[in-house]
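Fold and contact review
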Amino acid sequence: MAMEVRVNLLPRLLNEETDVAVVIDVLRATSTMTAALHFGAKKIVPVLSVEEAKKYREDNFEVLTVGERGSKKIDGFDLGNSPRELSEEMIEGKELVITTTNGTVAVSKSKRARKVILASFLNLGSVVRLLKRESGRIELQCAGTDGDPSLEDTLLAGALVSQLEIGHINDSCRISSVLYEAVKDNLESFILENGVHAKRLVSLGFFEDVGFCAKINLYDLVPLWRDGGFVRG
Ligand code: MLT
């Protein structure tokens, strides 16, 4: 079966007809989850609400609670949603439960696909290599920001479309790849100067997170959904 790709600039509710769902939330959920697996997290369980995360921890004593609301760390949680907060010392061998405003919503809409993976610029090359071995329908699920498509997610979708060179299902493939090709040499500054969410993160003191999340191929791994959470694939 040939491979075809669809870009969803906002996440659609997927079903079993999708062979691979690629969840994208560059700023910052999929970057953070990718970094956490790089630092040796055993498993990352994404949930929709703060209450669910707290309940999950009550039932599993050793779990670390991670996440944000309004991009800020949630009261009582162990960690916020910054990939730069993470270290091997803190994370290795631990299970994490995470809730974020947009990223974990995109995950929840993707779960019925046959295979679900996470993409960020940090693991772009590894995701491309994995997808080149797949066939059928691939959906690139951009989380967006608060109901609007986001520049940085669209750019990563565009990078994937450009590098995969396969059949396109919708115009969003072209929109994203044309944008990526136009700005790929100045990715970080383009996002910083133009992205609404990037500007908000800067105003909250997370300037360095934006640059970090625009780094390409820092990590060689693909977070893969297995038994209720993401593990190193
Ligand atoms: C989200 O899921 O909405 C984001 O990751 C927010 C953030 O930048 O922390």
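Residues numbered from 1 in each chain as written. Predicted model: local features only at pLDDT ≥ 70, side-chain atom pairs only at ≥ 80, totals over all residues. Heavy atoms only, no water.

**Description of the pairing of strand β7 (residues 115-119)**
Counted residue by residue, β7 has 4 buried out of 5 residues, so it is predominantly covered. Bridge count for strand β2 (residues 20-24) against β7 is 5 bridges, and the pairing is parallel. Bridging across to β7, Ala21 finds its partner in Val116. (Buried < 20%, exposed > 50% of the residue type's maximum accessible area, 1.4 Å probe, protein only. Helix = DSSP H or I, 4+ residues; strand = E, 2+ residues; numbered from the N terminus. Pairing = 2+ DSSP bridges.)

**A few points about the site of the ligand**
The local shell around the ligand holds 13 residues, among which Arg28, Thr100, Asn102, Gly103 and His197 are the closest. One nitrogen or oxygen atom from the side chain of Asn81 is found 2.8 Å from an oxygen atom belonging to the ligand. The separation between an oxygen atom of the ligand and a polar side-chain atom of Asn102 is 2.7 Å. In isolation the ligand offers 270 Å² of accessible surface; the protein chains occlude 99% of this area. Residues belonging to the shell around the ligand are distributed by class as follows: 3 nonpolar, 7 polar and 3 charged. (Near = heavy atom within 4 Å. Polar contact = N/O pair within 3.5 Å; in protein donor to acceptor, adjacent residues only side chain to side chain. Areas by Shrake-Rupley, 256 points an atom, 1.4 Å probe, with all protein chains shown as cover. Nonpolar A, V, L, I, M, F, W, Y, C, P; charged D, E, K, R; others polar.)

**Overview of the packing of aromatic side chains**
Here the structure, examined in full by the defined rule, presents 2 aromatic pairs. Summarising the aromatic geometry, the rings of Phe39 and Tyr219 are spaced 6.5 Å apart at their centres and angled 70° between planes, so their arrangement reads as edge-to-face. With Phe39 in the loop between α1 (29-38) and β3 (43-46) and Tyr219 in the loop between α10 (207-213) and β10 (223-226), the pair connects residues that are 180 residues apart, well separated along the chain. Under the relative-accessibility criterion, Phe39 is labelled buried at 17%. For the pair Trp225 and Phe230, a centre-to-centre distance of 5.1 Å together with 75° between the ring planes defines the contact as edge-to-face. Overall, the relative accessible area of 0% leaves Phe230 in the buried class. (Phe/Tyr/Trp six-rings, centres within 6.5 Å; stacked < 30°, edge-to-face > 60°.)

**Regarding the side chain of Gln141**
With respect to the helices, strands and loops of the structure, Gln141 is situated in strand β8 (residues 136-142). With residues near it in sequence (within four places) discarded, Gln141 still touches Asn8, Leu10, Pro11, Arg12, Leu14, Val22, Val23, Ile24, Ala106, Lys109 and Ser110. (Contact = heavy atoms within 4.5 Å.)

**A closer look at the nonpolar core**
Buried together is how nonpolar side chains tend to be arranged in soluble globular proteins. With 40 residues, the main nonpolar core has Val22, Ile24, Leu131, Leu140 and Leu160 as its most contacted residues. The biggest single contributor to this core is helix α6 (residues 151-164), with 7 residues. Membership of the second largest hydrophobic core comes to 29 residues, among which are Ala29, Phe39, Ala106 and Leu118. (Core = buried A, V, L, I, M, F, W, Y, C linked by side-chain atoms within 4.5 Å.)

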